[in-house]
Amino acid sequence: MTTASPRTAEAALLESVPTELFIGGAWTPASDGGTLDVVDPATGQPLRTIASATVEDGLAALDAAVAAQAEWGATPPRVRGELLRRAWELLMERREEFALLMTMEMGKPFAEALGEVTYGGEFMRWFSEEAVRISGRYGANPEGTGRMIVSHHPVGPCFLITPWNFPLAMATRKIAPALAAGCTVVVKPAELTPLTTLLFVRVLEEAGLPAGVVNVIPTSSASTVSAPIIADPRLRKLSFTGSTEVGRILLRQAADNVLRTSMELGGNAPFIVFDDADLDAAVDGALAAKFRNSGEACTAANRFLVHRDVAEEFAQRVTARVAAMRVGRGTEDGVHIGPLIDAAAVGKAQKLVQDAVSRGATLHTGGSPIEGPGTFFEPTVLSGIAAGSDILATEIFGPVLSIVPFTEEADAVRLANDTPYGLAAYVYTRDLARGQRMMEQLETGMLGLNAKAARRASPSTSPRSTR
């Protein structure tokens, strides 16, 4: 028996990925024949050429979702749940294929991609169980003159826009609750990483997905294609994960039809290390919170606020670990840091580092792009970041760890809250009372207390966000 070489396995996997739009249960080319290339950021070479949806294709996808809505909404919850469960089982059977595909199109190390398959798959399993638990409420009205019955119904067709950095998990995180609630969807995956979503639709097909319930429209003209869908009065909900700038635009567009919206936008997470922290745990946590996904995560720690009494030792320990990190294509053994998603991401990281150094920051390791092929940037540690440095106010989305010293607890809180973002934060301290104060004073949606990751939950603990 012979085993296929890694390159042969990659080629075979790519051949299995659909290249057309998925509309109304059928694979179809773009209406104008347009295509886009999906590129491996580790090599700069195209992986697959796929159809690029037009405005007409986007509206056709919405037509299909609208046509399927009544029947899917009336489908028994148990049937919806069983379809999601079958899809989860099929996904787990093919977990290594999905991990390899994500590594190729997004760049993350294979081990991290495997973790994303597990994480993304759990949305399918969770909502397969929640589909049958959509409850209502019965009770007396306040005046005592009658009884009230509250029941939940599907919102209707949803438009789901997913980001490039977690191409499976962010798709399942949006699709699963919508399907569990009885909603049909149009999915626009990120232009940079659409292949995982296209392959995932194949899994849904195999699980028995009815035509029109899920429609997928990759496109190189995102704003042009999305605007008419959002403006269509038949659309009932918009869900977006991505930058704050784009989120603002989409919210303005959604306002005209008073659409329900779910928005997960930018982050600039502080990572606070107090002088009483377990420094071994804090260093481990810092590496996980910063360098997971090569730093390309909205929950990634960006600003490391470290008490002056331990700042030097923290910097030394972190630098030793970061300097030993292996950079390379995510399919290679032992790789810690893969490529950044594109050249613009590399340029952004370089510009932020140069600005910080020009203002007096100390560069301990890294700090430069790595010569191609591929879009790689050295894992980097900076300390002594001056106030006003761009790196303190910007979501880095790269493997750059920036240390800012503080003395008083109040200073740490002030520095941590000095941002328009409030997605996640991390705190390391042995003082439980201080930890409680941080929970109350930090302006953040998620707080990891002595924890390596502030794990994002599902959009709701039930499918009610789409009901």
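## A short note on the confidence of the model for the protein chain
Right, so step 1: Averaged over all residues, the pLDDT of the protein chain equals 94, while 96% of them reach at least 70.
Right, so step 2: A low-confidence stretch, residues 457-465 stays under pLDDT 50, and its non-local contacts, those more than four residues away or across chains, total 26 contacts.

## Considering the side chain of Asp-57
Right, so step 1: With respect to the helices, strands and loops of the structure, Asp-57 is situated in helix α2 (residues 55-74).
Right, so step 2: One buried charged side chain, Asp-57, makes no salt bridge at all; its nearest oppositely charged neighbour is Arg-234, positioned 13 Å away.
Right, so step 3: With residues up to four places along the chain from it excluded, the contact list for Asp-57 reads Leu-21, Ile-23, Ala-30, Ser-31, Ser-52 and Ile-217.

## Comments concerning the packing of aromatic side chains
Right, so step 1: Within the structure shown, the criterion is met by seven aromatic pairs.
Right, so step 2: Consider the rings of Trp-164 and Phe-397, whose centres lie 5.6 Å apart with planes at 85°: the pair is edge-to-face. Residue Trp-164 is located in the loop between β7 (158-161) and α6 (169-181), and its partner Phe-397 is located in the loop between α13 (390-393) and β18 (400-406); the two are separated by 233 residues in the primary sequence. For the residue pair Trp-164 and Phe-397, the accessibility class agrees, reading buried in each case.
Right, so step 3: Taking NZ or CZ as reference, Arg-434 lies 4.3 Å from the ring centre of Phe-274, over its face.

## Brief notes about the packing of helix α4 (residues 95-106) against helix α7 (residues 195-207)
Right, so step 1: Relative to each other, α4 and α7 sit at 160°, their axes nearing to 9 Å. In terms of orientation, α4 and α7 fall into the roughly antiparallel class. Note that α4 runs across α7; the crossing there is right-handed. The segment α4 lies against α7, with Phe-98, Leu-101, Met-102 and Glu-105 engaging Leu-195, Thr-196, Leu-199, Phe-200 and Val-203.
Right, so step 2: A per-class count over the contact of α4 with α7 returns seven nonpolar, one polar and one charged.

## Structural notes on the side chain of Asp-232
Right, so step 1: Relative to the assigned elements, Asp-232 resides in the loop between α8 (222-231) and β10 (237-241).
Right, so step 2: Looking at Asp-232, the relative accessible area reads 13%, which means it is buried.
Right, so step 3: Apart from residues lying up to four places away in sequence, Asp-232 is in contact with Leu-59, Leu-62 and Asn-257.

## As for the pattern of salt bridges
Right, so step 1: The tally for this structure, following the rule as stated, stands at 21 salt bridges.
Right, so step 2: The closest approach of N and O atoms between Arg-329 and Glu-10, which form a salt bridge, is 3.0 Å. Of the two residues, Arg-329 sits in the loop between α11 (308-323) and α12 (343-358) while Glu-10 sits in helix α1 (residues 6-16), which places them 319 residues apart along the sequence.
Right, so step 3: Residue classification places Arg-329 among the buried positions, given a relative accessible area of 9%.
Right, so step 4: One salt bridge in this structure joins Asp-355 and Arg-359, with 3.1 Å as the shortest N-O distance.

## Digging into the environment of Ala-211
Right, so step 1: Mapping Ala-211 onto the fold places it in the loop between α7 and β9 (214-216).
Right, so step 2: Between the C-alpha atoms of Ala-211 and Gly-25, which are 186 residues apart in sequence, the distance is 3.9 Å.
Right, so step 3: With sequence-adjacent residues up to four places away left out, Ala-211 is seen in contact with Gly-24, Gly-25 and Ala-68.

## With respect to the packing of helix α10 (residues 279-291) against α11
Right, so step 1: Contact pair α10 / α11: the axes reach a minimum separation of 10 Å and the direction vectors enclose 55°. Judged by the inter-axis angle, α10 sits oblique to α11. As for how α10 packs across α11, the hand of that crossing is right-handed. For the pair α10 and α11, the contacting residues are Leu-279, Asp-280, Ala-282, Val-283, Asp-284, Ala-286, Leu-287 and Phe-291 in the first and Val-310, Glu-313, Phe-314, Arg-317, Val-318, Arg-321 and Val-322 in the second.
Right, so step 2: Residue classes in the contact of α10 with α11 are distributed as 10 nonpolar, no polar and five charged.

## Some thoughts on α4
Right, so step 1: Here α4 contains 12 residues, and its C-alpha end-to-end distance of 16 Å stays within 8% of the 16 Å for a straight helix at 1.5 Å per residue.
Right, so step 2: Here α4 lies mainly inside the structure; nine of its 12 residues are buried.
Right, so step 3: Among the residues of α4, Phe-98, Ala-99, Leu-100, Leu-101, Met-102, Thr-103, Met-104, Glu-105 and Met-106 are the ones counted as buried.
Right, so step 4: The positive-phi residue at the C-terminal boundary of α4 is Gly-107, with phi of around 105°.

## Digging into the pairing of strand β12 (residues 269-273)
Right, so step 1: For β12, a buried count of five out of five residues is recorded, marking the element as mostly surrounded by other parts of the structure.
Right, so step 2: The alternating pattern of β12 places Ala-269, Phe-271 and Val-273 and Pro-270 and Ile-272 on opposite faces, both of which are buried.
Right, so step 3: Here β12 pairs with strand β13 (residues 301-307) via five bridges, running parallel. Residue pairing in the sheet places Phe-271 in a bridge with Phe-304 of β13.

## Focus on the pairing of strand β20 (residues 446-449)
Right, so step 1: Because side chains alternate across β20, one face comprises the buried residues Met-446 and Gly-448, and the other comprises Leu-447 and Leu-449, none of which is buried.
Right, so step 2: In the sheet, strand β19 (residues 424-428) pairs with β20 via four bridges, with the strands oriented parallel. Bridge pairing in β20 links Ala-424 to Met-446.
Right, so step 3: Handedness of the crossover joining β19 and β20 through helix α15 (residues 432-441) is recorded here as right-handed.

## Points about unusual backbone geometry
Right, so step 1: With omega at 10°, the peptide bond leading from Gly-372 into Pro-373 counts as cis.
Right, so step 2: On the secondary structure map, Pro-373 appears in the loop between β15 (369-370) and β16 (376-377).
Right, so step 3: If you check the backbone angles, Asn-293 has positive phi at about 60° while not being a glycine.
Right, so step 4: For Asn-293, the position within the fold is in the loop between α10 and β13.
Right, so step 5: The phi dihedral of Ser-294 is positive, around 60°, even though this residue is not glycine.
Right, so step 6: By the secondary structure assignment, Ser-294 is in the loop between α10 and β13.

Cut-offs used in this document
Once a new chain begins, its residue numbering starts again from 1 and follows that chain's sequence as written. The model is predicted, so local features are restricted to residues of pLDDT at least 70 and side-chain atom pairs to those at 80 or more, both for listing and for counting; the totals for chains, interfaces and linings are taken over all residues. Side-chain calculation: all heavy atoms of the structure are included, whereas hydrogens and water are not. Confidence scores per residue from the predictor, reported as pLDDT, run from 0 to 100. Contact between two residues is taken to exist if any of their heavy atoms lie within 4.5 Å; hydrogens are not considered. Strands here mean DSSP runs of E at least two residues long; helices mean DSSP runs of H or I at least four residues long; both are numbered from the N terminus. Partly exposed describes any residue whose relative accessible area lies between the buried limit of under 20% and the exposed limit of over 50%, with all areas from a 1.4 Å probe on protein chains only and scaled to the type maximum. Charge assignment: positive for Lys and Arg, negative for Asp and Glu; neither His nor the chain ends contribute. Any Lys or Arg side-chain nitrogen found within 4 Å of a carboxyl oxygen on Asp or Glu counts as a salt bridge. Pairing of aromatic side chains here covers Phe, Tyr and the six-membered ring of Trp, requires ring centres within 6.5 Å, and sorts the geometry by plane angle: under 30 degrees stacked, over 60 edge-to-face, intermediate tilted. Two conditions define a charge sitting above a ring: the NZ of Lys or the CZ of Arg must be within 6 Å of the ring centre, and it must be within 35 degrees of the ring normal. Here, axes are lines fitted to C-alpha atoms. For helices the fit covers the stretch in contact, and angles between N-to-C directions go from 0 to 180 degrees. Put simply, angles under 35 degrees are roughly parallel, angles over 145 are roughly antiparallel, angles from 65 to 115 are roughly perpendicular, and the rest are oblique. By convention the crossing between two helices is left-handed if the near helix lies anticlockwise of the far one by an angle smaller than a right angle, and right-handed if it lies clockwise. All amino acids are sorted into three groups, where Ala, Val, Leu, Ile, Met, Phe, Trp, Tyr, Cys and Pro are nonpolar, Asp, Glu, Lys and Arg are charged, and the leftover types, Gly among them, are polar. A helix is expected to span 1.5 Å for every residue after the first. Strands pair, by our definition, only if DSSP identifies at least two bridges between them. Note on handedness: a clockwise path from strand one over the helix to strand two, with the strands aimed away from the viewer, defines a right-handed crossover.

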